[in-house]
Amino acid sequence: MRTRIDGKLLSIFLLALLLRVALGIAVREPVDRGDMARYESLAIEGGLSTQQEPLYPLLLRLIYRLFGVHDHRAIFTIQGFMSAIVVLLAYSFTLGMFDRKAALIAALLCAVYPNFILYNLTVLPETALILMTASIAAVAASGMRDASKACIGGAVTGVGILTSASFAFFVPGLLIVLKRRLLFLLALAITVAPWIARNAVVYGKLAPIYDTSSFNIGVAQYSRGWMGDIESVYSRTAALYQWHWGESSLKQDGGTRTIPVFAIRKFSFLAILLFGCIAIARYIRREHLRVILPALIFVALQIMIAMVYTIRYRALLEIFLIAYIGFLLSRTRGAADAA
């Protein structure tokens, strides 16, 4: 299904782009540092090995060469462009799942949703991962041939794995929803093959993309008895709504002006989570699983078998919650006239 960029969708896209670029230029310091030091060290000093994902540090290296070292505003602005594209992709897969009214509302929500804007104001790969997740969903919801879906899905998944090892958890879900599975695996293998070959030449060993430790797979957290195991799963699941990333305020103009953003991040996400879950409970259909199942399995595997304790990957669920909220709001009185 092709995404028809009409006047309303174009206006929403331009709004998203304006908000992101304006903040990218105005904000000087990241609102969330996380693993920023590690990514910047890899970008500036090098040292990529079988334990580090290469694509985001290489993107930073390119930006620093073009705009200067530690020019965060250039990074924020480029990530803002990437995030604006997510608005079009969200429109596309929401249109494939529901209708034009819901798709326009979902696109508008993506355009103004604070977390989708603030994710760009970091030196972290969340924006890129959200873009790839939305791309996979848009392909799955489209009317493309099965072979095309498999090839594009495999290539995008490969790029995602080279950006974050955790993106490999998308593979089981995609193997379930795609019909041309061997073609998907072939496209995935071709995408990651150059990195495997590079590491084999440089380090003299054949690693499955990365060393196995990089995938953070482990069952050590299930060694404390069944009560402890339940508590461990519960704590990681609860972190989906309890954990909030980043600094408590957004600084502008060298720190002379601060904008408190913690409450905005926290309560905007809780609103999306609450209304999204209500909308999913009411409107989910079996045919939607081809779009949302890979992301749901991704999060479930992260919670169940990955040794992670910060739930940054919940960002990959937010676009799907927004899609269902778009349909929920399109059913309200007056939504038809607005669309």
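Residues numbered from 1 in each chain as written. Predicted model: local features only at pLDDT ≥ 70, side-chain atom pairs only at ≥ 80, totals over all residues. Heavy atoms only, no water.

Visitor: Can you explain the overall build of the protein chain? Please cite residues and give values.
Guide: Counting its regular elements, the protein chain contains 15 helices and two strands. Residues counted as buried form 52% of the 339 residues belonging to the protein chain. As displayed, the protein chain offers around 15,700 Å² of accessible surface, 65% of which is attributable to carbon and sulfur atoms. (Helix = DSSP H or I, 4+ residues; strand = E, 2+ residues; numbered from the N terminus. Buried < 20%, exposed > 50% of the residue type's maximum accessible area, 1.4 Å probe, protein only. Areas by Shrake-Rupley, 256 points an atom, 1.4 Å probe, with all protein chains shown as cover.)

Visitor: So, the side chain of E40: which residues are in play, and what are the values?
Guide: Within the secondary structure, E40 sits in helix 2 (residues 36-45). Aside from chain neighbours lying at most four places away, what touches E40 is L60, Y64, H70, H72 and V123. (Contact = heavy atoms within 4.5 Å.)

Visitor: Tell me about the packing of aromatic side chains, and please be specific about residues and values.
Guide: Each pair of aromatic rings is reported with the distance of its centres and the angle of its planes. Taken as a whole and judged by the stated rule, the model has nine aromatic pairs. Pairing F98 with Y324 gives two aromatic rings, centres 5.3 Å apart and planes at 80°, and the pair type is edge-to-face. With a gap of 226 residues between them, F98 in the loop between helix 4 (72-97) and helix 5 (100-112) and Y324 in helix 14 (residues 315-330) connect regions that are remote in the sequence. Its relative accessible area of 16% is what places F98 among the buried residues. Their ring planes at 90° and their centres at 4.8 Å tell us that Y283 and F327 sit as a pair that is edge-to-face. (Phe/Tyr/Trp six-rings, centres within 6.5 Å; stacked < 30°, edge-to-face > 60°.)

Visitor: Quick rundown of the packing of helix 5 against helix 14? Include the residues and the values.
Guide: Remark: helix 5 packs on helix 14, axes separated minimally by 7 Å, with the N-to-C direction vectors making an angle of 125°. As far as their axial angle goes, helix 14 and helix 5 are oblique. Read as a crossing pair, helix 5 and helix 14 show a hand that is right-handed. Facing K101, A102, I105, A106, L109 and C110 of helix 5, the residues of helix 14 in contact are I322, A323, I325, G326, F327, L329 and S330. (Axes fitted to C-alpha atoms, helices over the stretch in contact; angles between N-to-C directions. Parallel < 35°, antiparallel > 145°, perpendicular 65-115°, else oblique. Left-handed = near helix turned anticlockwise from the far one by under 90°.)

Visitor: I'd like to hear about the pattern of salt bridges, residue by residue, with values.
Guide: Within this structure, the stated rule accounts for one salt bridge. Of the charged contacts, one joins D6 and R100 as a salt bridge, the two residues approaching to 2.6 Å between their closest N and O atoms. On the criterion of sequence distance, the pair formed by D6 in the segment before helix 1 (7-26) and R100 in helix 5 is long-range, its members being 94 residues apart. Overall, R100 belongs to the partly exposed group, its relative accessible area being 27%. (Salt bridge = Lys/Arg side-chain N within 4 Å of Asp/Glu carboxyl O.)

Visitor: Give a description of the nonpolar core that names residues and reports values.
Guide: Ranked by size, the top nonpolar core spans 84 residues in total, and within it F93, F116, I130, V291, I319 and F320 carry the most contacts. A per-element tally of this core places helix 14 first, with twelve residues. Residues L60, I75, L121 and V123 belong to the second largest nonpolar core, which totals 17 residues. (Core = buried A, V, L, I, M, F, W, Y, C linked by side-chain atoms within 4.5 Å.)

All we've got here are geometric facts, nothing functional implied.
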